[in-house]
Amino acid sequence: MYVLAIANQKGGCGKTTTAVNLSASLAQIGKKILVIDFDPQAHASTGLGYDPDKIEQSIYDVLSSLSQSKTNLDSILKEVNSNLYLAPSSILLSTLEQELTDEIGRETRLWDAISRMQTKFDYVLIDCPPNLGFLTINALRAANEVLVPLEMSFFSFNGVNQLLDIINLVRERLNHNVDYRILMTMFDSRLQYSYQVQDAIRERFGDKVCRTIIHVNVKLREAASQGRPALYYDKYCRGAKDYLSLARELISRIEPPEPLSKGWTPKNRISKSSPKIGRDMPARTVEFIFPDPEAKEVFIAGDFNGWRVNEDAKLEKRNGVWVKSMTLPPGRYRYRFVVDGRWVDDPNNPMKEKNPYGELDSLLNIG
Ligand SMILES: Nc1ncnc2c1ncn2[C@@H]1O[C@H](COP(=O)(O)OP(=O)(O)OP(=O)(O)O)[C@@H](O)[C@H]1O
Ligand SMILES: [Mg+2]
């Protein structure tokens, strides 16, 4: 189980949108997901189709000692879809801090509840409120990683240092090892300003920035107002695709593939229709080329590297085109390029196949 807290004290930067849509994407890929709505505003509950006024028991009843209907985390779970569950919030959550003022170990209250849970999840996503108070500290203490959405404005830098200070405090004072990643949200590719902010964010936070960028997409707003993730509202919209890319990036980082090694057989990674693989055929060196001199960075992700977007997958710019050589064993591979955070198929390769997300993967046969 991997616990991800989505936090930033700045309001409206995309925390809830990320919690709702990333969770739906992870569930779509086949992971079992729990979203904990940890904001008294209960926007994640609404965004997943539950009216907080009609919910009988919420996360408040799990954590409070005073609640009349005290219960455990398993009992409040709502099944949103197969693989996707919600622990709803309620306005009462805002009283919890005061209630627990004198309690010892109050910062670990949420983690205690998560760790006692009987239901098994692959990923738990916690949607935090827009402040650095008691609820956010509880979420950080429960998390393996904090995902910090930053919208494309220089103002979004304000306050991140404070959040990072709190993360350090949790590490030192609560002796809990928690990592963080920055997620760029509401990127408007029509504005030069977005690219300037992007450069500044990458310069400031380096490899702590997610490769995937979430673009501005009105469908994300529309879907939220209908109480649905964008994937269930319009699965081909930009917002749904961006969050699927983010899910893939997260999975490939958290669940790294087995490395290519001698004698490696790609049978688990290729589709049934693939040709027979001659195991004794030699590996071949392939040169991947992406012809966009304007791009700032280009990666390649595919079956051969577990769809992992990292430094090893980076293309090099040579004479105005992006190039990467790879030596691959015989097999049939699917791959895509990640160009400045956008997933695209190979424009030079006519062999393509539709993937489960409605996009095209490029195909490569070796041997
Ligand atoms: N990529 C996007 N494109 C367009 N609209 C977006 C995008 N991301 C979020 N929004 C919209 O922006 C508003 C704020 O987003 P959201 O509620 O996710 O932020 P938040 O950080 O959870 O806010 P709060 O701090 O109040 O909890 C919402 O109306 C949401 O639909
Ligand atoms: Mg929110």
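Placed above this text is the structure.
1. Some remarks on the overall build of the protein
Next, step 1: When helices and strands are counted, the protein shows twelve helices and 15 strands.
Next, step 2: Relative to its length of 367 residues, the protein is compact, with a C-alpha radius of gyration of 22 Å against a globular reference of 21 Å.
Next, step 3: For the protein, the spread of C-alpha atoms along the principal axes amounts to about 70 × 45 × 40 Å.
Next, step 4: Per-residue burial for the protein yields a buried fraction of 54% across its 367 residues.
Next, step 5: Counting contacts in the protein only where the partners sit at least 6 residues apart, residues at least 24 apart contribute 75% of the total.

2. Examining the site of ligand 1
Next, step 1: Surveying the vicinity of ligand 1 reveals 18 residues, the closest of which are Lys15, Thr16, Thr17, His215 and Asn217.
Next, step 2: Lys15 is positioned such that a nitrogen or oxygen atom in its side chain is 2.8 Å from an oxygen atom of ligand 1.
Next, step 3: Within the backbone of His215, an N or O atom sits 3.0 Å from a nitrogen atom of ligand 1.
Next, step 4: When the free accessible area of ligand 1 is taken as 620 Å², the share hidden by the protein chains comes to 85%.
Next, step 5: Of all the elements in the fold, those that place two or more residues in the shell around ligand 1 are α1 (15-28) and α10 (218-225).
Next, step 6: Of all the elements, α1 adds the most residues to the shell around ligand 1, at three residues.

3. Details of the sheet that holds strand β11 (residues 321-328)
Next, step 1: What the three strands build is an open sheet, ordered β8-β11-β10; its pairing is antiparallel. The open sheet terminates on both sides in strands that have one partner only, identified here as β8 (284-290) and β10 (316-318). Averaged over all pairs of adjacent strands, the angle between strand axes in this sheet comes to 40°, irrespective of strand direction.
Next, step 2: Here β8 runs beside β11; their pairing, made up of seven bridges, is antiparallel. Bridge pairing in β11 places Val286 opposite Met326.

4. Focus on the pattern of salt bridges
Next, step 1: Overall, the coordinates contain 21 salt bridges when judged by the stated rule.
Next, step 2: A salt bridge links Arg253 to Glu145; the nearest nitrogen and oxygen atoms lie 2.9 Å apart. Residue Arg253 is found in helix α12 (residues 238-254), and its partner Glu145 is found in strand β6 (residues 145-151); the two are separated by 108 residues along the sequence.
Next, step 3: Assessed through its relative accessible area of 0%, Glu145 is described here as buried.

5. Observations concerning the sheet that holds strand β1 (residues 2-6)
Next, step 1: Across the sheet, seven strands lie side by side as β3-β4-β2-β5-β1-β6-β7; this open sheet has mixed pairing. On the outer flanks of this sheet lie β3 (78-81) and β7 (179-185), each paired with one strand and no other. Ignoring which end each strand starts from, the neighbouring axes of this sheet average 25° apart.
Next, step 2: Here five bridges tie β1 to strand β5 (residues 123-127), and the two strands are oriented parallel to one another. Across the sheet, residue Leu4 finds its bridge partner in β5, namely Leu125.
Next, step 3: Strands in contact with helix α7 (residues 134-142) are β1, β5 and β6; relative to β1, the strand with the most contacts, it is inclined by about 150°.

6. Brief notes about the side chain of Glu297
Next, step 1: Mapped onto the fold, Glu297 is located in the loop between β8 and β9 (298-302).
Next, step 2: Once residues lying within four places of it in the same chain are set aside, the contact partners of Glu297 are Arg202, Arg211, Lys314, Trp322, Val338, Val339 and Asp340.

7. Description of the nonpolar core
Next, step 1: Core analysis: the largest hydrophobic core is formed by 54 residues, its most contacted members being Ile36, Phe38, Ile59, Leu73 and Ile126.
Next, step 2: Setting aside its immediate chain neighbours within four residues, Phe38 contacts Ile59, Leu63, Leu93, Leu110, Ile126, Asp127, Pro129, Leu135, Asn138 and Ala139.
Next, step 3: Formed by 33 residues, the second largest nonpolar core is a distinct cluster that contains Leu147, Cys210, Leu220 and Tyr243.

Definitions and cut-offs
- Residues numbered from 1 in each chain as written.
- Chains lettered and ligands numbered in written order.
- Predicted model: local features only at pLDDT ≥ 70, side-chain atom pairs only at ≥ 80, totals over all residues.
- Heavy atoms only, no water.
- Helix = DSSP H or I, 4+ residues; strand = E, 2+ residues; numbered from the N terminus.
- Rg over C-alpha atoms; globule rule 2.2 N^0.38 Å.
- Buried < 20%, exposed > 50% of the residue type's maximum accessible area, 1.4 Å probe, protein only.
- Contact = heavy atoms within 4.5 Å.
- Near = heavy atom within 4 Å.
- Polar contact = N/O pair within 3.5 Å; in protein donor to acceptor, adjacent residues only side chain to side chain.
- Areas by Shrake-Rupley, 256 points an atom, 1.4 Å probe, with all protein chains shown as cover.
- Pairing = 2+ DSSP bridges.
- Axes fitted to C-alpha atoms, helices over the stretch in contact; angles between N-to-C directions.
- Salt bridge = Lys/Arg side-chain N within 4 Å of Asp/Glu carboxyl O.
- Core = buried A, V, L, I, M, F, W, Y, C linked by side-chain atoms within 4.5 Å.

Coordinates in, geometry out; function isn't part of it.
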